[in-house]
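Notes for the structure review
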Amino acid sequence: MSTDTYDQKWHTELEATLTHEFEAHTARLTQLTADTGDPAEAHTNAALIVATRQNLERISGALRRLAAGTYGNCEKCGTAIPRERLEILPHARFCVPCQQKHNG
Ligand SMILES: [Zn+2]
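Predicted model only: the values in this text are computed from it and were never measured. Each chain carries its own residue numbering, running from 1 in the written order of its sequence. Since the coordinates come from a predicted model, pLDDT governs what is reported: local features require at least 70, and pairs of side-chain atoms require 80 or more to be given and counted, while whole-chain, interface and lining totals use all residues. As a rule here, side-chain values come from all non-hydrogen atoms in the structure, and water together with hydrogens is ignored.

1. Remarks on the side chain of R85
- The numbering of helices and of strands both runs from the N terminus, where a helix is a DSSP run of H or I of at least 4 residues and a strand a run of E of at least 2. When you line up the elements, R85 lands in helix α3 (residues 83–88).
- Buried and unpaired, R85 has no salt bridge, with E84 as the nearest side chain of opposite charge at 9.8 Å.
- With near-sequence residues (within four places) excluded, R85 lies in contact with A92, F94, C95, V96 and Q99. Each residue's exposure class comes from its accessible area (1.4 Å probe, protein chains only) as a fraction of the maximum for that residue type: buried when under 20%, exposed when over 50%, partly exposed otherwise. Neither His nor the chain ends contribute to the count of charged residues, in which Lys and Arg are positive and Asp and Glu negative. Salt-bridge detection follows one rule: a side-chain nitrogen of Lys or Arg within 4 Å of a carboxyl oxygen of Asp or Glu. Should any heavy atoms of two residues lie within 4.5 Å, those residues are considered in contact.

Here it is as structure tokens:
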């Protein structure tokens, strides 16, 4: 099965992309949490800090799954998540039906 090599290559690229994203978000978080002494700015930043932390969690979760070899499997039902979905949403943890149940 040549798809194994193909997936391996894809995972390696994905890991590089996610690592890069992780670093970018970490740098952003450092900037956001730096105390500028401006209360108005601190207030605006608070929402961004929450969003950035959530992104970091998603990215580190995907990196953990890549390292563990469970990347691309739905965390609820274990089904392989279609690659097209993962290419759009690299941090996806659930397949589409489970995600819909999760949301609804
Ligand atoms: Zn599922």
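2. Section: the packing of aromatic side chains
- Pairs were defined over the aromatic rings of Phe, Tyr and Trp, the Trp ring being its six-membered one, requiring ring centres within 6.5 Å. Orientation was assigned from the angle between planes: stacked under 30 degrees, edge-to-face over 60, tilted for the rest. Tallying each qualifying case throughout the model produces one aromatic pair.
- Judged by centre distance (6.2 Å) and plane angle (70°), the rings of W10 and Y71 are edge-to-face. Taken together, the residues W10 in helix α1 (residues 3–33) and Y71 in the loop between α2 (39–68) and α3 connect sequence positions 61 residues apart.
- By relative accessible area, which is 10% here, W10 ends up buried.
- The ring centre of F94 lies 5.0 Å from the NZ or CZ of K76, which sits over that ring. Distance and angle both matter: a charge sits over a ring if NZ of Lys or CZ of Arg is within 6 Å of the ring centre and within 35 degrees of the ring normal.

3. With respect to the coordination of the zinc ion
- A donor here means any N, O or S atom no more than 2.8 Å from the metal (3.2 Å for Na, K and Ca); water is not included, so a site may seem to lack partners. Within the first shell, the zinc ion binds the protein through C74 (SG), C77 (SG), C95 (SG) and C98 (SG), at distances of 2.3 to 2.4 Å.
- Four donors are marked tetrahedral only if all angles between them lie between 85 and 135 degrees, whereas four are marked square planar and six octahedral if opposite donors are more than 155 degrees apart and the other angles lie between 65 and 115; the remainder are marked irregular. Classification of the site at the zinc ion as tetrahedral follows from its four donor atoms and the range of 103 to 116° in their angles at the metal.
- Along the chain, the residues donating to the zinc ion fall in the pattern C-x2-C-x17-C-x2-C. One end of the pair, C74, is in the loop between α2 and α3; the other, C95, is in the loop between α3 and α4 (96–103), and 21 residues separate them in sequence.
- You can call C95 buried: its relative accessible area is 7%.

In short, geometric facts, not functional conclusions.
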